[in-house]
Amino acid sequence: MSGGLAGDALAGLWQSPPSLPARWFYDERGSRLFDEITRLPEYYPTRRETEILRAHADEIAGRCVAETVVELGAGMSTKTRILLDACTALRPTLHFVPVDVSGVVLAEAAAAIARDYPETTVEPVVADFAEPRPLPGRPGGRLVLFLGGTIGNFDDAQRGAFLGRLRAALAPGDHFLLGADLVKAPSRLLAAYDDSVGVTAEFNRNLIEVLRATLDAEGLYVDDFEHAVRWNADQHRIEMWLRARRDVTARFRALGRDWKLPAGDGVLTEISVKFHLPDLHTELATAGFTPVDAWADPAGDFSVTLARAN
Ligand SMILES: C[S@@+](CC[C@H](N)C(=O)[O-])C[C@H]1O[C@@H](n2cnc3c(N)ncnc32)[C@H](O)[C@@H]1O
């Protein structure tokens, strides 16, 4: 995994503006901080998606009757249990394959699910969901979950490529369940990514510690960076930045390179695109999926779409 971070750091940190893919947030500490974020009052996406799944899980399970459920970016798979309950009610011997880059948390969550769903075969896979790979399961009997609004971490081109690769790994009749956050008032979006107790700030700043430890960096200190959030209206996305509080001069020993960031400049650490549902459905159709049904919570904050591979 450090090879991956080295490559992404070389590709991103010396660009203008510097940037890193969001996956590098999720070492064990980052994953636990994200879990805390999901319980913050400002962070509506988890609560809203949970509401939608509670209301429609039986319908979703009934439409797919899945034999194999693959969850991309599974994390703790907390909400997933709502779907597992509905799926195992129809077919007790389910195969559940949670996929995540965060190995410790994935193993922990998979063990808890294996314990609580004794008839389900649980097979955690530590992998990057953006890399092409064959998916387990019988063609036509698969349900792929991508929840939490994680699809928003891709820019437009990356998202198109991801959906195309996913479709290529599936067979006609397989299903895809996609949770996506919707465009709303910027004040609510900004609050969701900049909570009042500072957990999201810690989550963002933890990336500096991941960089320091993994790439053996000298002169790189968490306290030299502050969390900054911006709503980019043109690209309808939230952006999280790490802004330098002073001139930063660091040496990445693992890369053999020096890095400078002037005070006030930032590193773009996450984008979170917010969607208009018709546009997202057009993108799904372009990739070879037919949206079968879609639901939003009563407040219209979040969406879940069930699509079938053509
Ligand atoms: C926003 S969290 C969502 C977690 C969970 N699905 C939810 O809905 O609460 C993103 C999850 O995807 C994982 N992740 C991020 N980038 C990834 C990648 N490229 N490949 C695999 N997992 C990734 C993270 O470790 C984290 O568990």
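Everything quoted here is computed from the prediction, not taken from an experiment.

Criteria and cut-off values
Residues numbered from 1 in each chain as written. Predicted model: local features only at pLDDT ≥ 70, side-chain atom pairs only at ≥ 80, totals over all residues. Helix = DSSP H or I, 4+ residues; strand = E, 2+ residues; numbered from the N terminus. Rg over C-alpha atoms; globule rule 2.2 N^0.38 Å. Buried ≥ 20, exposed ≤ 12 C-beta atoms within 10 Å, placed from the backbone. Contact = placed C-beta atoms within 7 Å. Near = placed C-beta within 6 Å. Nonpolar A, V, L, I, M, F, W, Y, C, P; charged D, E, K, R; others polar. Domains from an automatic or database assignment. Pairing = 2+ DSSP bridges. Right-handed = clockwise from strand over helix to strand, strands pointing away. Arc of directions from axis to C-beta. Core = buried A, V, L, I, M, F, W, Y, C linked by C-beta atoms within 7 Å. Axes fitted to C-alpha atoms, helices over the stretch in contact; angles between N-to-C directions. Parallel < 35°, antiparallel > 145°, perpendicular 65-115°, else oblique. Left-handed = near helix turned anticlockwise from the far one by under 90°.

Scanning the protein chain from N- to C-terminus turns up 9 helices and 14 strands. Over its C-alpha trace the protein chain gives a radius of gyration of 20 Å, about what one expects of a compact globule, namely 19 Å for 310 residues. Taken along the three principal axes of its C-alpha coordinates, the protein chain extends 60 × 40 × 35 Å. Looking at the protein chain residue by residue over its 310 residues, the buried ones come to 40%. Taking the contacts inside the protein chain whose residues are at least 6 apart along the sequence as the reference set, 74% of them involve residues at least 24 apart.

The next point concerns the site of the ligand. Close to the ligand lie 20 residues; Arg23, Tyr26, Gly73, Gly75 and Gly148 are nearest. Elements represented by at least two residues in the shell around the ligand include exactly α2 (28-37) and β2 (95-100). Split into classes, the residues belonging to the shell around the ligand amount to 8 nonpolar, 8 polar and 4 charged.

Domain annotation for the protein chain reports domain 1 (12-27 + 189-272) and domain 2 (44-182 + 275-309). For domain 1 versus domain 2, the distance between C-alpha centres works out to 29 Å. At 3 residues, strand β12 (residues 266-273) tops the list of elements feeding residues into the side of domain 1 that touches domain 2. Classifying every residue of the side of domain 1 that touches domain 2 by side-chain character gives 4 nonpolar, 1 polar and 2 charged.

Turning our eyes to something else, we now look at the pairing of strand β6 (residues 175-181). In terms of residue burial, β6 counts as a mostly covered element, since 7 of its 7 residues are buried. Neither face of β6 is open: one carries His175, Leu177, Gly179 and Asp181, the other Phe176, Leu178 and Ala180, and all of them are buried. Sheet topology places strand β5 (residues 142-146) next to β6; 4 bridges connect them, and they run parallel. Residue pairing in the sheet places Val144 in a bridge with Phe176 of β6. Regarding the hand of the β-α-β motif, the stretch spanning β5, helix α6 (residues 156-169) and β6 is right-handed. Taken together, the 7 bridges between β6 and strand β14 (residues 302-309) define a ladder with antiparallel strand orientation. Counterpart to His175 in the pairing with β14 is Arg308.

Take the sheet that holds strand β11 (residues 257-261) next. An order of β7-β10-β11 is seen for the 3 strands of this open sheet, with the pairing classed as antiparallel. What marks the edges here is a single partner per strand, and that holds for β7 (217-218) and β11. Two strands pair when backbone bridges link them, and β7 and strand β10 (residues 248-252) are joined in this way by 2 bridges, in the antiparallel orientation. Residue pairing across strands places Ala217 opposite Phe252, the latter belonging to β10.

Turning to helix α9 (residues 277-287), a few remarks are in order. Listed in full, the buried residues belonging to α9 are Leu280, Leu284 and Ala287. All buried residues of α9 lie within an arc of 65° about the axis, which places them on one face of the element. Exposed positions of α9 whose direction lies more than 90 degrees from the buried face are Pro278, Asp279, Thr282 and Thr286. Among the structural elements, α6, β6, β13 (289-296) and β14 are those in contact with the buried residues of α9. Note on α9: the residue one or two positions beyond its end, Gly288, has a positive phi of about 105°.

What follows covers the nonpolar core. In terms of nonpolar packing, the biggest core is built from 51 residues, with Leu83, Val144, Leu145, Phe176 and Leu177 touching the most fellow members. In this structure Leu177 touches Ile60, Leu143, Leu145, Val304 and Leu306, once residues within four positions along its chain are discounted. Grouped together as the second largest cluster of nonpolar side chains are 31 residues, Leu5, Leu189, Leu242 and Leu261 included.

We now examine the packing of α6 against α9. Each packed pair of helices is defined by two parameters, the angle between the axes and the distance between the axes. Relative orientation of the contacting elements α6 and α9 amounts to 45°, with a least axis distance of 9 Å. Here α9 runs oblique to α6, going by the angle between their axes. Here α6 runs over α9; the crossing is right-handed. Side by side, α6 and α9 meet where Arg159, Gly160, Leu163, Gly164 and Arg167 of the first sit next to Glu283, Leu284 and Ala287 of the second. A breakdown of the residues in the contact of α6 with α9 according to their chemical character gives 3 nonpolar, 2 polar and 3 charged.

As a packed pair, α2 and helix α8 (residues 199-214) sit with axes 9 Å apart at the nearest point and diverge in direction by 160°. Put simply, α2 runs roughly antiparallel to α8. Considering the relative orientation of α2 and α8, their crossing is left-handed. Of the residues in α8, those in contact with Arg29, Gly30, Leu33, Phe34, Glu36 and Ile37 of α2 are Val199, Thr200, Glu202, Phe203 and Asn206. In terms of residue class, the contact of α2 with α8 is built from 5 nonpolar, 3 polar and 3 charged.

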